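# Per-entry structural report
Here are the chains, one letter per residue:
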Amino acid sequence: MNDHTPITMKDIARAMGVSVATVSRALKDSPRISVERREAIKAYAKEHNFSPNILAESLRLSRVHPTRIIGVIIPQINHFYFSSILSGIEEEASARGYQLMVAKSDERYEREVRICQAFYENKVCGIIVSQAKDTVKYDHFQRLIDNGVPLVFFDRICTGIESSRVVVDDYMGAYTAVTHLIETGCSRIAFYGTSMHLEISKNRFNGYRDALLRHHLPADDGLVFFCDNRTDAEVITPGILKGPNPPDAFFAVNDDTAIGILYTAKRLGLRVPEDISICGFTNGERAIACDPMLTTVEQRGKVVGEEAANILIGQVEGFLPADKAEKRIVRTRLIVRGTTR
């Protein structure tokens, strides 16, 4: 670099051996960066006469007026996983000088469309979203992208359009959980899942099925059920457990469904895990509030939220290309507790 070339945050990041996001936080005195690192980065910036391009930043931050507000759309607000993701988004956004405008779709496509339009009219700088269960048309998302609004999906991603996304490794989480059930002596494992048009449900089902096949167990369609909440689990499980050749284990798409299975089994006089093994997916607070405590796949929602906010802010501020879909996967881990052998 010659003496007349302005230094950029990318140059500082390269010289200091850190990410551009770390440089951005340090220059804004974020408490998430240690005092020593902040001072070192600021000293380097001052020594090399760094000056942020305010005009360019303003143009990047808004279509009309500078804004540092991120729109967030979540399907449910009282769900532990979504609330933990929201916490991760908020912490990352706040550390980098952004605020949130949050709305819930209530799992309804029409409401989701209205929220997207409202966010656009309020000139948010970008939107982070997990789509509603019944969303099968994606025109409202495509319009946002066509109008230059950065869009990042999390958890329930939209495969119908090319956009940035953050997901957990649903396939491997399910595969590991079902493998654990098999290795602890279970051979007839039921699957409780949600709509197969959702990518997360497909991936969890595929992980379940492949674990069975890998261990030379039949993938029995008669053990696959559409059930993704506690109420429905308590309705359908008695008939399944009282039927001929009942399952000796259940893998559920989320913890609430798994807990519905657990309490149903106990009401029927079955012992968990001696008679029935149960595994969930989330590792929310309810997983340790039941008896026995629930074996489950930890989704690390806060990390998902931090990654989603990091991508969006990177695209808004120009650190990441706005026209390239950024795809990140957060690893899961199996938490073994009392509902499995």
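Read on for a plain summary of the structure. (Residues numbered from 1 in each chain as written. Predicted model: local features only at pLDDT ≥ 70, side-chain atom pairs only at ≥ 80, totals over all residues. Heavy atoms only, no water.)

## Here's the deal with the sheet that holds strand β1 (residues 69–74)
With parallel pairing, the six strands of this open sheet are ordered in space as β2-β1-β3-β4-β5-β11. In this open sheet, the two edge strands, each paired with only one partner strand, are β2 (99–104) and β11 (327–330). Here the strands of the sheet are splayed against their neighbours by 15 degrees on average, with no regard to which way each runs. Pairing analysis gives three bridges linking strand β4 (residues 151–154) to strand β5 (residues 164–168), with the strands arranged parallel. Each residue of the ladder has a partner; that of Phe154, found in β5, is Val166. Sheet strands in contact with helix α5 (residues 80–95) are β1, β2, β3 (126–129), β4 and β5, and its direction is about 160 degrees off that of β2. Relative to the sheet, helix α7 (residues 139–146) contacts β3 and β4, its axis offset from that of β4 by approximately 140 degrees. (Pairing = 2+ DSSP bridges. Helix = DSSP H or I, 4+ residues; strand = E, 2+ residues; numbered from the N terminus. Axes fitted to C-alpha atoms, helices over the stretch in contact; angles between N-to-C directions. Contact = heavy atoms within 4.5 Å.)

## A short note on α5
Counted at 1.5 Å a residue, the expected span for α5 with its 16 residues is 22 Å, and the 23 Å between its end C-alpha atoms agrees. Within the span of α5, buried status applies to Tyr81, Phe82, Ser84, Ile85, Leu86, Gly88, Ile89, Glu92, Ala93 and Ala95. Looking one or two residues past α5, Gly97 carries a phi angle of roughly 85 degrees, positive in sign. (Expected span 1.5 Å × (residues − 1). Buried < 20%, exposed > 50% of the residue type's maximum accessible area, 1.4 Å probe, protein only.)

## Notes on the sheet that holds strand β9 (residues 277–282)
Read from one edge of the open sheet, six strands run β7-β6-β8-β9-β10-β12, paired in mixed fashion. The sheet terminates laterally at β7 (224–226) and β12 (333–335), the two strands that pair on one side only. Between one strand and the next, the sheet's axes are offset by a mean angle of 20 degrees, whatever the strand orientation. Of the strand pairs in this sheet, strand β6 (residues 189–193) and strand β8 (residues 249–252) are connected by four bridges, and their pairing is parallel. Bridged to Ile189 within β8 is Ala249. Sitting on the sheet, helix α11 (residues 255–267) touches β6, β8, β9 and β10 (295–298), and the angle it makes with β9 is about 160 degrees.

## So, α7
For α7, every residue scored as buried is listed here: His140, Phe141 and Leu144. Along the axis of α7, the buried positions cluster into a sector of 100 degrees, meaning they face one direction only. Residues of α7 that are exposed and angled more than 90 degrees away from the buried face: Asp139 and Asp146. Residues of α7 that are buried make contact with α6 (109–121), β3 and β4. Of the residues one or two after α7, Gly148 is the one with positive phi, at around 80 degrees. (Arc of directions from axis to C-beta.)

Shape descriptors only; they carry no functional weight alone.
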